[in-house]
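What the coordinates show
Residues per chain, in single letters:
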Amino acid sequence: MKVGLLVRIEAKPEYADEVEAMLRGAQELAEREEGTVTWFAFRESATVFGVFDTFEDEEGRQAHLVGRIAAALGEAAQTKLAAPPVITAVDLLGAKVS
C-alpha cells in the first residue's frame, strides 16, 4: 500500500442514520474494487463520519474516485450532507497489518 484517501463526511442531523447505513452498505462495493487494498468507514460523532482507504498505486486511487462509492457519496451530498465531503489524498509512510 502506497497511497490512500482520507474522507471527512458531515451529515445533516436528520440524515445521520441514512448516511451511516450508506457507509455500512458501501463495504460490499469496496470489497469488489480490485484496486482498493483496505477500506474503513467510521463515525466520529453523531453527524461526522469518515472513510480511510488504501491503494497500491495512483491508478487504484483514481479508479476508486470515479467508482460507485464516490458516485453515491456525491449523490448524498446534494441533500443529506451539511457540506461537500472533504477528500484528502495521502501518501502512506508505513502500515502494520496482521
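Anything mentioned here points back to the structure above.
Here is what the cut-offs are and how they apply
- Residues numbered from 1 in each chain as written.
- Predicted model: local features only at pLDDT ≥ 70, side-chain atom pairs only at ≥ 80, totals over all residues.
- Heavy atoms only, no water.
- Helix = DSSP H or I, 4+ residues; strand = E, 2+ residues; numbered from the N terminus.
- Rg over C-alpha atoms; globule rule 2.2 N^0.38 Å.
- Buried < 20%, exposed > 50% of the residue type's maximum accessible area, 1.4 Å probe, protein only.
- Patch = residues over 30% accessible without salt bridge, like charges linked within 9 Å, V, L, I, M, F, W, Y side chains within 5 Å.
- Areas by Shrake-Rupley, 256 points an atom, 1.4 Å probe, with all protein chains shown as cover.
- Salt bridge = Lys/Arg side-chain N within 4 Å of Asp/Glu carboxyl O.
- Pairing = 2+ DSSP bridges.
- Lys, Arg positive; Asp, Glu negative; His and termini not counted.
- Contact = heavy atoms within 4.5 Å.
- Axes fitted to C-alpha atoms, helices over the stretch in contact; angles between N-to-C directions.
- Arc of directions from axis to C-beta.

Re the overall build of the chain
Helix and strand counts for the chain come out as 3 helices and 4 strands. Overall, the chain shows an N-to-C arrangement of helices and strands of β-α-β-β-α-α-β. For a compact globule of 98 residues, the expected C-alpha radius of gyration is about 13 Å, and the chain comes in at 13 Å, within 12% of that figure. Taken along its principal axes, the extent of the C-alpha atoms in the chain is 35 × 25 × 20 Å. Looking at the 98 residues of the chain, the share that counts as buried comes to 33%.

A few points about a nonpolar patch on the surface
There is a patch of nonpolar side chains on the surface, built from Met1, Val37 and Val97 and spanning about 250 Å² of accessible area. Mapped onto the secondary structure, Val97 falls in the segment after β4 (86-91).

Side note on the pairing of strand β3 (residues 48-55)
Within β3, 7 of the 8 residues are buried, leaving the element largely enclosed by the surrounding structure. Pairing analysis gives 8 bridges linking strand β1 (residues 3-10) to β3, with the strands arranged antiparallel. Considered in β3, the bridge of Leu5 is made with Asp53. In the sheet, strand β2 (residues 36-43) pairs with β3 via 7 bridges, with the strands oriented antiparallel. Residue Arg43 lies in a different strand from β3, and its bridge partner there is Phe49. Hairpin connection of β2 to β3: 4 residues between the antiparallel strands.

Points about the side chain of Glu33
In this fold, Glu33 is placed in the loop between α1 (16-32) and β2. One buried charged residue, Glu33, forms no salt bridge at all, with the nearest opposite charge on Arg68 at 8.2 Å. Beyond its immediate chain neighbours, meaning those up to four positions away, Glu33 contacts His64 and Ile69.

Quick word on the environment of Phe52
Residue position: Phe52 is located in strand β3. Using a relative accessible area of 25% as the deciding quantity, one classes Phe52 as partly exposed. For the pair Phe52 and Leu81, spaced 29 residues apart in the sequence, the C-alpha separation amounts to 18 Å.

Let's talk about the sheet that holds β3
Spatial strand order, β2-β3-β1-β4: 4 strands in an open sheet with antiparallel pairing. Two strands close off the open sheet at either side, each with one partner strand: β2 and β4. Ignoring strand direction, the axes of neighbouring strands in this sheet form an average angle of 15°. Sheet contacts for helix α2 (residues 58-65): β1, β2, β3 and β4; angle to β1, the most-contacted strand, approximately 25°.

A short note on α2
Taken residue by residue, α2 has Gly60, Arg61 and His64 as its buried positions. Seen along its axis, α2 keeps its buried residues to an arc of 100°; they face one direction. In this structure, the buried side of α2 is in contact with β1, β2, β3, α3 (68-79) and β4.

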